[in-house]
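Structure assessment
Listed here are the chains, written in short residue letters.
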Amino acid sequence: MSLFTRQLTLNVQLPDGFTFENFVFNENRLLVRDQLEGTDSVWLTGAYSTGKTHLLSALACANDQTALYLPADELIASCDPTMLDGLEATYCLVFDDIDKLAQTVAWSEALFHLFNRHHAQGGRWVCSSQVAPRYVDTPLADLRSRFTLFPAFELGNYNDQERVKIFSERARFRGIKVNEDVYPYITNHLPRDLKYWLQLLDQLDQASLAEQRKVTIPLVKSVLQQNESLRRQLSLT
């Protein structure tokens, strides 16, 4: 069974379009890329919207013959811990938000036994979580001790310039033309959490396509007013 077939069997799929080529790297994240492109196990920590899922997906996409992407939310929603049985045959296991899996007895025990089998075969784990390995909330202390064997790298929050660069690169990748005065406007009006910027970009993509318009401040204002979630965040800034 190919890893792609296995991915479908598990009812999980790689997010679309997440590659190393369209990720915006700063100095810290370039160091992380070097680690991801190596052969050692790696643990990425950081808040939401700091690039963990993008980087793990890019790694799995670039190594689709040897790596299996395993997002915790989808596993919890559609699988039980027995799905980990036999995964030691896959060289690289990529666990996104592994701290969520480790919270329950059943999943933590399954992870612990998989780790032991996989480690004995020289396998590689690449994991992400919001906290460092030693702070993972799990009922199985032995699992946490295994996690602390990983070299951990923290991805910090993006600054204003980096968010603008990410927004503009994602827009360019989609073929969206954006007026330059849009960037200072959204910097001043949106929260600093990148997820709201990318949510806005999704909405602008649809609006600019429907209206055949370049992205301008009036279009941004219109989209913000029509999107309740974004409008609510706008009122908090």
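Everything numeric here is computed off the predicted structure, so don't read it as measured data. (Residues numbered from 1 in each chain as written. Predicted model: local features only at pLDDT ≥ 70, side-chain atom pairs only at ≥ 80, totals over all residues. Heavy atoms only, no water.)

So, the overall build of the protein chain
The secondary structure content of the protein chain amounts to twelve helices and five strands. For the protein chain, the C-alpha radius of gyration of 20 Å lies close to 18 Å, the compact-globule estimate for 237 residues. The principal-axis extents of the C-alpha atoms in the protein chain amount to approximately 60 × 35 × 35 Å. When the 237 residues of the protein chain are sorted by exposure, 46% land in the buried category. For the protein chain, the share of sequence-separated contacts (at least 6 apart) that also reach a separation of at least 24 residues comes to 76%. When the accessible surface of the protein chain is summed, it comes to about 12000 Å², and 49% of that surface belongs to carbon and sulfur atoms. Averaged over its 23 positive side-chain charges, the protein chain has a centre that lies 6 Å from the centre of its 29 negative ones. (Helix = DSSP H or I, 4+ residues; strand = E, 2+ residues; numbered from the N terminus. Rg over C-alpha atoms; globule rule 2.2 N^0.38 Å. Buried < 20%, exposed > 50% of the residue type's maximum accessible area, 1.4 Å probe, protein only. Contact = heavy atoms within 4.5 Å. Areas by Shrake-Rupley, 256 points an atom, 1.4 Å probe, with all protein chains shown as cover. Lys, Arg positive; Asp, Glu negative; His and termini not counted. Charge placed at Lys NZ, Arg CZ, Asp CG, Glu CD.)

Some details on the packing of aromatic side chains
Evaluation of the coordinates by the stated rule reveals ten aromatic pairs. Consider the rings of Phe95 and Trp125, whose centres lie 4.8 Å apart with planes at 45°: the pair is tilted. Of this pair, Phe95 sits in strand 3 (residues 92–96) while Trp125 sits in strand 4 (residues 124–129); the two residues are 30 residues apart in sequence, bridging distant segments of the chain. As far as the burial class goes, Phe95 and Trp125 line up, both buried. Measuring from ring centre to ring centre gives 6.2 Å for Phe167 and Trp197, while their planes differ by 75°; the resulting arrangement is edge-to-face. Of this pair, Phe167 sits in helix 8 (residues 160–174) while Trp197 sits in helix 10 (residues 194–211), placing them 30 residues apart in sequence. For Phe167, a relative accessible area of 0% gives the class buried. When its relative accessible area of 1% is taken as the criterion, Trp197 is described as buried. Each member of the aromatic cluster is reached from another via a ring pair, and the members are Trp43, Phe95, Phe115, Trp125, Phe147 and Phe150. (Phe/Tyr/Trp six-rings, centres within 6.5 Å; stacked < 30°, edge-to-face > 60°.)

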